[in-house]
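Observations on chain architecture
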There are 4 protein chains.
Amino acid sequence: MKGKREIASSVKDESLIEMRRKQMIRGAVKLFKEKGFHRTTTREIAKEAGFSIGTLYEYIRAKEDILFLICDGIYDEVQKRLSTLEMEEGSIERLKLAISVYYQLIDDMTDEFVVLYQESKSLQKDALQYVLRKELEMVAIFEGILKECVISGELRISEQEIPIAAHHIVVQGQMWAFRRWALTKEYSIESYIKIQQHQLLKGIQ
Amino acid sequence: MKGKREIASSVKDESLIEMRRKQMIRGAVKLFKEKGFHRTTTREIAKEAGFSIGTLYEYIRAKEDILFLICDGIYDEVQKRLSTLEMEEGSIERLKLAISVYYQLIDDMTDEFVVLYQESKSLQKDALQYVLRKELEMVAIFEGILKECVISGELRISEQEIPIAAHHIVVQGQMWAFRRWALTKEYSIESYIKIQQHQLLKGIQ
Amino acid sequence: MKGKREIASSVKDESLIEMRRKQMIRGAVKLFKEKGFHRTTTREIAKEAGFSIGTLYEYIRAKEDILFLICDGIYDEVQKRLSTLEMEEGSIERLKLAISVYYQLIDDMTDEFVVLYQESKSLQKDALQYVLRKELEMVAIFEGILKECVISGELRISEQEIPIAAHHIVVQGQMWAFRRWALTKEYSIESYIKIQQHQLLKGIQ
Amino acid sequence: MKGKREIASSVKDESLIEMRRKQMIRGAVKLFKEKGFHRTTTREIAKEAGFSIGTLYEYIRAKEDILFLICDGIYDEVQKRLSTLEMEEGSIERLKLAISVYYQLIDDMTDEFVVLYQESKSLQKDALQYVLRKELEMVAIFEGILKECVISGELRISEQEIPIAAHHIVVQGQMWAFRRWALTKEYSIESYIKIQQHQLLKGIQ
DNA sequence: AATGAATGAGTTTTCATTCAT
DNA sequence: GATGAATGAAAACTCATTCAT
């Protein structure tokens, strides 16, 4: 909604920028997941991305920019997938679909989400605020869907309970990303989605 | 339950060790919360704790040890508070009390918990495994309480659902620690406990 | 003879590596001679070599590597100079030439030899073993030359005396390096070589 | 001959000083031999000697003093053993006895001698000069014995060759200390003394 | 005399970033 | 646009020495 926070590059060719940044994001996510932001060196990222350290710095200004690009990329994808829910507004089914789509996305981009939640605190103030704002926008999407359900009468919870319920949905998604190692012993992403839809609705219906 | 993992000190006086370590933990938690483990220097920790860098290293061997001491201290406190629930085994009231005690502890030690969940991945292999084991022991406490309720008949969920329910309780606690900045606008810890007790029980009763 | 023990460098250009390492060896030998390995800092070596501390560490991984490079360089030179003795095998003249070449080399590289014998014990296990092996190879060269003389009949000493005689030659070389300060008052390298050739041969002929 | 270089102690009781210093020398020699002067900490020396770091510093002023005490102790012993040679002055037998006594001493105090020759360069200027002077005094003892033999006519070498011959004797002693690991495979100290007496005399007779 | 906790200057090493080629 | 050698600030950690008890 708000204007994007752009990262300057000394390269002009936009499509080249996009390609190089994708390469570096892929490499960086892998490395950040394994070793964390601080233990990963820019040299390693460049190598993993397939180009030189000099080239890396043609497309970003600082190491932190890579972390920001990762976080920003996630919200782009969330926005994209949640903005096209083909289901009647105000219906419980729409809520369930949103949960399913969101959790499925987390499953597809587990590493990215883990990096987002583990490392984003390493961002400088302004980038961090941008990311927090995006996070709240994401929670707000679920608040919106919940509100519609309350208005339509399909959900009977108080106004006050909506934010916590939205946070709840988001946090249970995080849980899948973070506790996968423990949870995959018992559940697949499909069964996890089923159970969470069930329990979350029991909690608020 | 298992033997503690001890951190060597070159100082002999045990009570002095305890005191100095408490000082450094207090300072380190504050700094780690603000700037993260990697952005905090050992000199800053020493200064915050009120002694010199040399003295700091008389009580630990490596920076990582401080992080470990923080994590270990949390589990000590969890163990202590959850091991003395004066309530009939197998009762729903006991479960609610446990949740209340646990969430209250998280509220008392929010910074410590945030550091635990944000930074513990920076621990070396053996320390990390120790911390993960402790984390699982903590989840196991809630599994035990839930199981008692199932046995007594006060709770009617399947065996399979117990682990996820226990994780759920723990994760909702984490949520308070991590999302406090968003949640305190709407809830106090008391109201949060009430709502969570209610919703968690709706989910499993 | 055996494969060389390589020191990793993060610089790719081989000729640059060779040049920079030569620079740092020259500086380090001077400093190690003056103050010893431990009293010399890596910063001082970098400064003496004419580049920054960061650059130094682009060409080695640890301070110890510099010491190793010095030691290894000596054996390269020994090998080089002793492998091309143009003199009939088994002749006393060949033995005298070898002694002369070796002592002349020690005179040319006195500082390096002193560092080798004074500081090599500071090497880690594997580097130390490599250096000891090289040292023994060097003694073995003289044993070989002596053996030829015994076979040809120009030398009449027992098999058992060969190792001690070879050590003897090497040690008298060390003596020139270590006791130069006392010996140069009385002898030049040329007169030292003459006297030693004479005495060593008297001892074994 | 010259006045001793005294090391100040804040303790008054002379016999206590002597005892404590013996303890610390014994411990330090062991540690210096194993790890070198710089890699050995004063704490380790104190521990090995059986008292605290505080006590250590009651008997010396600086770490270096311990090294000096070791070196000085060796020369005391050399002086003691070589000043009472009961043999006719000017006889070859006296020279052989001196060599035997000296090499036997090196065998008795191998570790001390190795430390002397390996580490004495770590002494500060004035202590180093004192040690070098003592070393020359020791060489001078052999020069004296050689000179007597020349005067008595039992040895027929030029005046000029005397210093090198004396150095030679000393250096062959060092060789036993340093190359023991290689030499003990072939020789005992007794056979080494025999062979050296023989070869050294062949060299100068 | 003995102890050992406290100190902080000094050391090695790393790594983000720059810039000449 | 791409490269990679050069840089130096900054960080963790050590250890000789002191001094209050």
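Overview of the structure. (Residues numbered from 1 in each chain as written. Chains lettered and ligands numbered in written order. Predicted model: local features only at pLDDT ≥ 70, side-chain atom pairs only at ≥ 80, totals over all residues. Heavy atoms only, no water.)

**Considerations on the relation of the copies chain C and chain D**
The condition that has to hold: Least squares is used to superpose the copies, and the fit set is the C-alpha atoms of residues whose pLDDT is at least 70 in both copies. Throughout, a contact is declared for two residues whenever any of their heavy atoms are within 4.5 Å.
Expressed as a screw operation, the relation of chain C to chain D combines 0.0 Å of axial shift with a rotation of 178 degrees, fitting to an RMSD of 0.1 Å. Given the turn and translation reported, the copies of this chain are related as if by a two-fold rotation axis. Closest approach to the rotation axis among the C-alpha atoms of chain C is made by C:G203, whose C-alpha sits 2.7 Å away. The residues that chain C uses at the interface reappear at the interface of chain D in 100% of cases, marking a shared surface.

**Notes on a nonpolar patch on the surface**
Our working definition: Grouping into patches uses exposed residues only, defined as over 30% relative accessible area, and leaves out salt-bridged ones; the cut-off is 9 Å for like charges and 5 Å for nonpolar side chains (Val, Leu, Ile, Met, Phe, Trp, Tyr). In short, Shrake-Rupley with a 1.4 Å probe defines the accessible areas, and a residue's cover is counted only from the protein chains shown. Salt-bridge detection follows one rule: a side-chain nitrogen of Lys or Arg within 4 Å of a carboxyl oxygen of Asp or Glu. The numbering of helices and of strands both runs from the N terminus, where a helix is a DSSP run of H or I of at least 4 residues and a strand a run of E of at least 2. Partly exposed residues are those whose accessible area sits between 20% and 50% of the maximum for their type, while under 20% is buried and over 50% is exposed, using a 1.4 Å probe and protein chains only.
Taken together, the side chains of A:L132, A:L136 and B:W181 present a nonpolar region at the surface, about 240 Å² in accessible area. Relative to the helices and strands, A:L132 is located in helix α7 (residues 125-152). Residue class for A:L132 comes out partly exposed when judged on its relative accessible area of 35%.

**So, the protein's contact with DNA strand E**
How we decide: Nearness is judged by heavy atoms alone; a residue qualifies as near a molecule or strand once a single heavy atom is within 4 Å of it. Any N or O atom pair separated by 3.5 Å or less is treated as a polar contact, with the protein-specific requirement of one donor-capable and one acceptor-capable atom, and with residues adjacent in sequence counted only for side-chain atom pairs. Each residue is assigned to one of three groups, with Ala, Val, Leu, Ile, Met, Phe, Trp, Tyr, Cys and Pro labelled nonpolar, Asp, Glu, Lys and Arg labelled charged, and all others, Gly among them, labelled polar.
Taken together, 41 residues lie near DNA strand E, and B:R20, B:Y59, C:Y57, D:K12 and D:R20 sit nearest. The contact atoms of DNA strand E, taken as those within 4 Å of the protein, divide so that sugar and phosphate hold 65%. Within the backbone of A:K63, a nitrogen or oxygen atom sits 2.8 Å from a phosphate oxygen of DNA strand E. A distance of 3.5 Å separates a phosphate oxygen of DNA strand E from a polar backbone atom of B:S10. Those elements giving two or more residues to the surface near DNA strand E turn out to be α2 (42-49) and α3 (53-59) of chain A, α1 (14-39) and α3 (53-59) of chain B, α2 (42-49) and α3 (53-59) of chain C together with α1 (14-39) and α3 (53-59) of chain D. Looking at the surface near DNA strand E element by element, the count peaks at five residues for α3(B). For the surface near DNA strand E, the class distribution of residues is 16 nonpolar, 13 polar and twelve charged.

**Quick look at the environment of A:Q118**
Along the chain, the position of A:Q118 falls in helix α6 (residues 110-119). For the pair A:Q118 and A:K33, spaced 85 residues apart in sequence, the C-alpha separation works out to 8.9 Å.

**Some points on the protein's contact with DNA strand F**
Within the structure, DNA strand F sits among 40 residues, and A:K12, A:R20, A:Y59, C:R20 and C:Y59 are positioned closest to it. Counting only the atoms of DNA strand F that lie within 4 Å of the protein, the sugar and phosphate share comes to 69%. C:R43 has a polar side-chain atom sitting 3.4 Å from a base nitrogen of DNA strand F. If you list the elements that add at least two residues to the surface near DNA strand F, you get α1 (14-35) and α3 of chain A, α2 (42-49) of chain B, α1 (14-35) and α3 of chain C together with α2 (42-49) and α3 of chain D. The element that contributes the greatest number of residues to the surface near DNA strand F is α3(C), accounting for five residues.

**Focus: helix α7 (residues 125-152) of chain D**
The following threshold applies: Expected helix span is computed as 1.5 Å times (number of residues minus one).
Between its first and last C-alpha, α7(D) extends 40 Å over 28 residues, near the 40 Å set by a 1.5 Å rise per residue. Note on α7(D): the residue one or two positions beyond its end, D:G153, has a positive phi of about 90 degrees.

**With respect to the interface of chain C and chain D**
Listed by partner, the interface residues are 37 residues for chain C and 37 residues for chain D. Counting every contact that joins chain C to chain D gives four salt bridges. With a shortest N-O distance of 2.5 Å, C:R179 and D:E135 are connected by a salt bridge. Seen at the junction of chain C and chain D, the total is ten residue pairs in polar contact (both at pLDDT 80 or more). Among the secondary structure elements, those contributing two or more residues to the side of chain C that touches chain D are α6 (110-119), α7 (125-152), α8 (161-183) and α9 (189-204) of chain C. Ranked by the residues each element gives to the side of chain C that touches chain D, the list is headed by α8(C), at 14 residues. Split by residue class, the side of chain C that touches chain D holds 16 nonpolar, 13 polar and eight charged.

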